[in-house]
Amino acid sequence: MRVLFLFGTRPEAIKLIPVVLAMRADSFFDVKVCVTAQHREMLDQILEVFDVIPDIDLNLMTPNQSLPGLTAKILEKVDQIVKDLKPDVCIIQGDTTTVMAGALACFYNKVFLGHVEAGLRTYNKYSPFPEEINRVLATHLCDIHFAPTEKSKKNLLLENVEESKIIVTGNTVIDTLKITKIRLERKEIFCNNILVNNILNEKQPFILVTSHRRENFGGGIESICNALKKFALKYPFLNIVFPVHLNPNVKVPVYKALSGFSNIYLLDPLDYVSFVALMSECYIVITDSGGVQEEAPTFGKPTLVMRETTERTEAIEAGLSKLVGTDENNIFEALVKLVEDKTAYYQMSNGINPYGDGKATERIVGYFKKLYKG
Ligand code: UD1
Ligand code: UDP
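Overview of the structure. On a predicted model such as this, the values are computed, not experimentally measured, just so you know.

1. What to know about the site of ligand 1
Phase 1: Around ligand 1, the surrounding shell holds 24 residues, and the nearest of these are Q38, H39, T62, N64 and E131.
Phase 2: In the environment of ligand 1, an oxygen atom lies 2.8 Å from a nitrogen or oxygen atom belonging to the backbone of N64.
Phase 3: Contacts to ligand 1 include H245, whose side-chain N or O atom sits 2.9 Å from an oxygen atom.
Phase 4: Bound to the protein, ligand 1 loses 95% of the 740 Å² it would expose on its own.
Phase 5: Class assignment for the residues of the shell around ligand 1 results in eight nonpolar, 11 polar and five charged.

Pasting the structure below:
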């Protein structure tokens with residue numbers, strides 16, 4: 001079976017790599033990996049950790065790229081790749097521009113399309129923006145839907161996706177964590193970021209922060225920074241560790257607002273192993289990331305979600321994470337509560353990760369083998 005993987009950003013790579021590795025290890029599949037490189041440095045960091053060398057690298061990222069500009073380039077380039085390679089199947093993951101435009105190019109070429117992490121919804125067209133609609137469009141362009149949870153399956157059924165075309169797999173992000181844990185235990189990989197190792201060796205409690213959502217650009221980022229500033233001043237013995245996304249709409253205001261505080265560490269985006277090391281040792285996670293919301297419960301870390309909506313509601317329903325929006329006071333107070341109220345902290349740090357059991361890859365690969373036999 002000729003399988004083409006198409007991805008472009010850090011989270012897509014993290015979540016598709018276990019499937020790429022499993023299919024590459026199985027002679028049943030003839031695997032090609034095409035990266036749009038919608039992200040450059042942040043994608044390369046992941047490819048390097050897992051020794052994945054793309055067969056095709058479209059190298060499309062440009063500084064501060066626009067949504068229409070990137071969409072047009074992906075559509076045209078992927079169309080050509082699909083025409084040249086003639087895959088039996090193309091696999092995409094998530095809700096980025098690469099997913100939406102790549103899926104459209106595959107559809108125009110009538111390629112059978114598999115969507116990993118299908119069916120997440122907020123039902124708010126502008127939050128997350130543009131990801132909510134990217135994911136909806138991908139659903140209707142795809143042929144098989146790998147839903148991470150029962151809830152995401154239900155969302156797809158509500159949009160009249162045939163039940164026989166939905167497979168509940170769990171999220172592959174948990175498979176990647178599992179592989180990483182094994183490779184760390186075997187000492188095949190290490191956290192070799194000096195700053196991260198210094199932070200870990202200090203043994204001081206720290207809050208781990210990430211932020212990059214488009215709908216938070218401007219006022220949202222500003223109030224997130226104000227809340228962190230206020231918190232850093234109130235708790236000088238607590239550190240804040242913030243690997244800052246390379247998007248200039250995030251990087252510029254964050255460095256401007258938070259540089260110069262002795263207990264705030266602003267870092268470049270981290271390689272995945274270093275970031276996982278921080279997640280496993282931090283006190284609280286505060287984020288607007290999709291993937292981080294899914295990973296944090298594995299480490300028993302209370303997670304505050306700096307968004308007005310989330311398509312990952314399972315951890316909230318399980319009491320492991322909390323939606324705090326982007327209001328400065330709400331963020332500050334939610335952090336203070338977790339620091340001051342041990343019962344609240346304990347309740348949010350004990351539970352089973354609802355996003356997967358580490359066997360999503362097995363289920364996805366199994367589906368394609370069965371499909372062929374069928
Ligand atoms: C993208 C996705 C978002 C995903 C996020 C993961 C879209 C519309 N957005 O957002 O869904 O959650 O990735 O991080 O698909 N940049 C670099 N180097 C990099 C990566 C980004 O310099 O390795 C800078 C560039 O100036 C680039 C800009 O960030 O133009 C924006 O990148 P883009 O992929 O368009 O948006 P993200 O905010 O990263
Ligand atoms: N991550 C990373 N380095 C960092 C920050 C995050 O490797 O400095 C990983 C994190 O473990 C998660 C993924 O990146 O798997 C999340 O990506 P991001 O937040 O950029 O995108 P989203 O998941 O919101 O689409």
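Following the structure, the description resumes.
2. Some points on the nonpolar core
Phase 1: Grouped together as the largest cluster of nonpolar side chains are 58 residues, with contacts concentrated most on F5, F7, M23, I91, L278 and F368.
Phase 2: Sequence-distant contacts of L278, that is, excluding residues within four places in its chain, are made with V196, I199, L200, F206, L208, V241 and L270.
Phase 3: With 34 residues, the next largest nonpolar core counts L258, M306, V336 and V339 among its residues.

3. Brief notes about the site of ligand 2
Phase 1: By nearness alone, 15 residues border ligand 2, and L270, S289, G290, G291 and E295 come closest of all.
Phase 2: Between ligand 2 and R10, the relevant distance is 2.9 Å, taken from an oxygen atom to a side-chain nitrogen or oxygen of the residue.
Phase 3: The contact in question runs from an oxygen atom of ligand 2 to an N or O atom on the side chain of E295, over 2.5 Å.
Phase 4: Starting from 550 Å² of accessible surface for ligand 2 in isolation, the protein chains cover 95%.
Phase 5: Among the secondary structure elements, those contributing two or more residues to the shell around ligand 2 are α1 (10-24), α11 (272-281) and α12 (290-295).
Phase 6: At four residues, α12 tops the list of elements feeding residues into the shell around ligand 2.
Phase 7: Here the shell around ligand 2 is composed, by residue class, of eight nonpolar, four polar and three charged.

Reading the values: rules and limits
Residues numbered from 1 in each chain as written. Chains lettered and ligands numbered in written order. Predicted model: local features only at pLDDT ≥ 70, side-chain atom pairs only at ≥ 80, totals over all residues. Heavy atoms only, no water. Near = heavy atom within 4 Å. Polar contact = N/O pair within 3.5 Å; in protein donor to acceptor, adjacent residues only side chain to side chain. Areas by Shrake-Rupley, 256 points an atom, 1.4 Å probe, with all protein chains shown as cover. Nonpolar A, V, L, I, M, F, W, Y, C, P; charged D, E, K, R; others polar. Core = buried A, V, L, I, M, F, W, Y, C linked by side-chain atoms within 4.5 Å. Buried < 20%, exposed > 50% of the residue type's maximum accessible area, 1.4 Å probe, protein only. Contact = heavy atoms within 4.5 Å. Helix = DSSP H or I, 4+ residues; strand = E, 2+ residues; numbered from the N terminus.

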